[in-house]
Structure formats: structure tokens, C-alpha cells
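Listed here are the chains, written in short residue letters.
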Amino acid sequence: MASQIPPPTDALWDRLVSGAVAHRFSLFAANMALARAIRIASSEPARKPTMIAELHQFFSKFAGQLAPELQGLR
Amino acid sequence: MLHSVDEANRLITAGRRLHIAGDAAALARLTRGNWIGGTIPYFLTAEGGQADRKRVFVTELPPEVTEIEIDFVTPDQLADIPGAAPKHGFSLIVVPGMSDAHIKYAVGAHDLPGLFETPVIGWIAGVHLDDLGRATPMVFNGQTGEIATDRLVALRAHVPERLMPRIGIINLFQQGSGDRFEFLETGFAAQNCRINGANASIYEYVKTRDVDLRRPLVTDMSGEMINVSFQAVDDATRSVRFYAPVLAGAEYRQAAPLDDYRGSLLAHVAANPVTPVFSCNCILNYLYADLAGDKALSITGPATFGEIAYVLLNQTLVYLELAT
């Protein structure tokens, strides 16, 4: 399932970390991880690539549950 | 469920892996074994909500848990929590209320890299409300017999890959449509903030508008409603104190009113027919929903000074399930 997660270079991650996508994921931890990434990337833009990498890692770990939701956002 | 100390000791001696909540004197009489605990004498039980200083609330870990590790974590070691988490499993933590560990976890957990990758559930230990300011919340490492007031205790539970530990949260509150609050600093108390973009005194706001302090401030974190409950209005410092930190940069609104606090809590619980392996409920729900003696709640556990679902929450019921 992890292969169904878009690569970190996919524009979706930038949109997510920029807060441009309004979506509540079915996993509480996913929303909290995303909120953290948005908050840090907003206050420290230089860390945005790191936040995207961390978020990609998180979504890959829970791909079974989250991949279909991500696909719906592309 | 509630047990006498003798009954709990029999479970410990039998080698059961346990989480135990109770009054300090009761917990101090427990024998060494595979358990962690924390102080609180309020419980939601099958027999109803009750305060009990003599018995302890025991939650036995399910047989699917293959292995456990127990240790203390100091406030300076909080960043190690994600790395120490089991590859497949969950962490159950108890944090002594009003301690440096409580403050640092509450403020810092939101920013810990990797925290959200493995479930962390737990609660803030407290004291009987009659003892506020006199007694100190404690946590217990049953394996070593150590008691701490300045560190959190963590039980790391390993489960097979076929099981998915999943945290659930029952939160009665949604952001209301009223004024917007933004705080300049992260902390458990505030004097000033920005209200609808203008500098203002949160103390004056609460005092002059007769704010209903049972309704928490709520921020929206990517769709999750995160409550910060009012603790007190401090006339001496002209500040407002909270049970969790308000976060700098987050936008809060006071929760929308509930017509019926108790009815809303019962309806939310009824809508979540779960079989948790661990659960706890906020003492503010216990008080505001008037749950003492009330048998209506099907999800039992200690009534706590704060709930942990990765981060510190207020006025929620949190639980952990092992999903297949």
C-alpha cells in the first residue's frame, strides 16, 4: 500500500503542508501530524521540505487507511 | 473495574499486566509487579461514577499484548518518547499533574517529531478535589516500586502486526461562532491575547462578559477539535488559567453551547459502541455532566485531570482499541 502514497515530490504534499487542502482524515493522528506540519512550515518556511518528508513517512506507515483518502485529494 | 487493594495484589501476583488508578495510600499498598499507576480517586465504573479512596481501578492489558516495558521519563527526556515506542504497539503514559513533566509534555508534545506514528494514550494524575493544593499527584512504576512526582511513567506494549492499536476520542465540543482568540505565548495561563485581531485582556473579557467557564476554548487542528478548559480566573494576577496550554499562533473560539451536557455525553458514548482496552474520562465531564452515582456510561475508567491522545486534551473521553 505504501506504493500508493504519492512521492514527496508530488504537488499534493506542498498543498497539504501549505494548508491549502481542507480535508479531515479518518485518522486522528494524521490530522494532528498535518496540523504540526502546517504550523511549523508556516512559521519556519525553510523547514517545509522536512515537514513534507516527515508527513510522507507518516502517511506511508498508515497507507492502508490513508492512501485512498490521499488519492481522492489529487 | 474497581478492586480492593487485596484483590489487585492477587492480580499483580498472578503476573497480570495492569494499569491501576487510585488514591495514593491505596496505590502505595500494592505489591511489585507488571503495572503502572497514577493517583486519582474518581472513577467511572459499571456501578456508576464514584469517588473512592480505598479501592483502585484496574485495567488489565489484553492477552494480545506480547511484551511490555515500563520506565520513567524525565521532563528532559520527552523527545525520546517517539523513538522508544514499540514498532507495533502503543504507549500508555501517566503524568503527575502540576509537575514540570506535565507542563513540558503539554507544551512540547505537539512538536515532537514522530510522536503521531505510534499511539500514545494516557492521562494526568491528580488528587481528591478536597486535597487540591495540599496533596501532590504521583505516578507509580510497579516493577521497581518507585513513586514519582516529577517524571511520567510509561508502559510500552507490543502487539502483533495483525492488530492496529487505534485511539478514539469522544469530544462533545465544536468551535462556536463567537469571538476569535489568539495567544502570543504558549502557556497554561494568559493575561492578554488578541481578540478578533485586537489586543485585549482575556481576564477582562471573561470577567465582564460572564463567560460560561464550562465551555472550553477550542482550536481546529486540521479538522480535529482540541479543547483547552478554563481552570480559574485569577484576580491577583489578572489572568485566566487553563487545564492545558493555549498554543501561540492557534486560533481559538469558545465552544458552542450544549443544551444538555449529560445528555450530549451519553449520546456521544452511545454512538461509539467500542470495546476499549484502555479508557479514561475527564474529571470535568464527571463534574459538569453530574456523573457521580450515574450508571449510564458504558465506557469506564478513571476520571482524570487531563487526557492524553498523543497530546494533552481536556474535557474528552479517550480510549484505545486493538483493531484487526
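A few points on the structure.

Criteria and cut-off values
Along each chain, residue indices are assigned from 1 in the same order as the chain's sequence is written. Chain labels run from A onward and ligand labels from 1 onward, assigned in the order the entries are written. Where totals are concerned, whole chains, interfaces and linings use all residues; where local detail is concerned, this predicted model gives features only for residues with pLDDT of at least 70, and gives and counts side-chain atom pairs only at 80 or more. Strands here are runs of E lasting at least two residues and helices are runs of H or I lasting at least four, both read from the DSSP assignment and numbered beginning at the N terminus. Taken over C-alpha atoms, the radius of gyration is set against a globule rule of 2.2 Å times the number of residues to the power 0.38. Here a residue counts as buried when 20 or more other C-beta atoms fall within 10 Å of its C-beta, as exposed when 12 or fewer do, and as partly exposed in between; the C-beta atoms come from the backbone. By definition, residue pairs are in contact when their C-beta atoms, positioned from the backbone, come within 7 Å. In this classification, the charged set is Asp, Glu, Lys and Arg, the nonpolar set is Ala, Val, Leu, Ile, Met, Phe, Trp, Tyr, Cys and Pro, and all remaining amino acids, among them Gly, are polar. Pairing between strands is defined by DSSP: at least two bridges between them are needed. Between N-to-C directions, angles span 0 to 180 degrees; the directions come from axes that are lines fitted to C-alpha atoms, helices contributing only their stretch in contact. Any angle from 65 to 115 degrees is called roughly perpendicular, while one under 35 is roughly parallel, one over 145 is roughly antiparallel, and all others are oblique. Any helix carries an expected span of 1.5 Å times its number of residues minus one.

Focus: the overall build of chain A
Line of reasoning, step 1. Along the backbone of chain A there are four helices and zero strands.
Line of reasoning, step 2. Starting at the N terminus and ending at the C terminus, chain A contains elements arranged as α-α-α-α.
Line of reasoning, step 3. Since a compact globule built from 74 residues should have a radius of gyration of about 11 Å, the 11 Å found for chain A is in line with a globular shape.
Line of reasoning, step 4. Projected onto the principal axes, the alpha-carbon positions of chain A cover approximately 30 × 25 × 20 Å.
Line of reasoning, step 5. In chain A, which comprises 74 residues, the proportion classed as buried is 36%.
Line of reasoning, step 6. A fraction of 69% describes how many contacts in chain A between residues 6 or more apart in sequence connect residues 24 or more apart.

Concerning the environment of B:L30
All names here are of chain B.
Line of reasoning, step 1. By the element assignment, L30 lies in the loop between α2 (24-27) and β3 (35-39).
Line of reasoning, step 2. The exposure class of L30 is buried, given the 22 C-beta atoms found within 10 Å.
Line of reasoning, step 3. Spatially, the C-alpha atom of L30 lies 49 Å from that of T208, the residues being 178 residues apart in sequence.
Line of reasoning, step 4. With residues near it in sequence (within four places) discarded, L30 still touches V5, A8, N9, I12, I20 and G142.

Considerations on the interface of chain A and chain B
Line of reasoning, step 1. Across the boundary between the two partners, chain A contributes 15 residues, which contact 15 residues of chain B.
Line of reasoning, step 2. Breaking the side of chain A that touches chain B down by element, the ones donating at least two residues are α2 (28-43) and α3 (48-61) of chain A.
Line of reasoning, step 3. Of all the elements, α2(A) adds the most residues to the side of chain A that touches chain B, at 11 residues.
Line of reasoning, step 4. For the side of chain A that touches chain B, the per-class residue count stands at eight nonpolar, two polar and five charged.

Things to note about the sheet that holds strand β9 (residues 120-125) of chain B
All names here are of chain B.
Line of reasoning, step 1. Pairing within the open sheet is mixed, and its six strands lie in the order β7-β12-β8-β9-β25-β26. With partners counted over all chains shown, the strands left at the sheet margins are β7 (67-73) and β26 (311-313), one partner each. Strand-to-strand twist across the sheet, computed as the mean angle between neighbouring axes with direction ignored, equals 20°.
Line of reasoning, step 2. In this sheet, strand β12 (residues 152-158) lies alongside strand β8 (residues 89-96) in antiparallel orientation, the contact comprising six bridges. Following the sheet pairing, I93 is matched in β12 by A154.

What to know about the packing of α2(A) against α3(A)
All names here are of chain A.
Line of reasoning, step 1. Where α2 meets α3, the closest approach of the two axes is 9 Å, and the angle between their N-to-C directions is 170°. The pairing of α2 with α3 is recorded here as roughly antiparallel in orientation. Touching A30, A33, L34, A37, I40 and A41 of α2 are K48, M51, E54, L55 and F58, all from α3.
Line of reasoning, step 2. Class assignment for the residues of the contact of α2 with α3 results in nine nonpolar, no polar and two charged.

Quick notes on the pairing of β3(B)
Two faces make up the sheet, and in a regular strand the side chains alternate between them.
Residue and element names in this part refer to chain B.
Line of reasoning, step 1. Most of β3 sits inside the fold, with five of its five residues counted as buried.
Line of reasoning, step 2. Burial along β3 is two-sided: W35, G37 and T39 and I36 and G38, pointing in opposite directions, are all buried.
Line of reasoning, step 3. Pairing geometry for strand β2 (residues 18-22) and β3, over five bridges, is parallel. Residue pairing for β3: H19 is matched across the bridge by I36.
Line of reasoning, step 4. Here β3 pairs with strand β10 (residues 139-141) via three bridges, running antiparallel. Across the sheet, G38 pairs through a bridge with V139, a residue of β10.

Some thoughts on unusual backbone geometry
Across the chain, the bulk of peptide bonds are trans and the bulk of non-glycine residues have phi less than zero.
Residue and element names in this part refer to chain B.
Line of reasoning, step 1. Within the chain, N196 stands out as a residue other than glycine whose phi angle is a positive 55°.
Line of reasoning, step 2. With respect to the helices, strands and loops of the structure, N196 is situated in the loop between β16 (192-195) and β17 (198-201).
Line of reasoning, step 3. Take N196: there are 10 C-beta atoms within 10 Å of it, and that puts it in the exposed class.
Line of reasoning, step 4. A positive phi angle, close to 50°, is found at Q315, a residue other than glycine.
Line of reasoning, step 5. For Q315, the location among the structural elements is in the loop between β26 and β27 (316-323).

Some details on α2(A)
Line of reasoning, step 1. With 16 residues, α2(A) extends 23 Å from end C-alpha to end C-alpha; this agrees with the ideal 22 Å at 1.5 Å per step.
Line of reasoning, step 2. Burial within α2(A) is extensive, with 13 of its 16 residues counted as buried.

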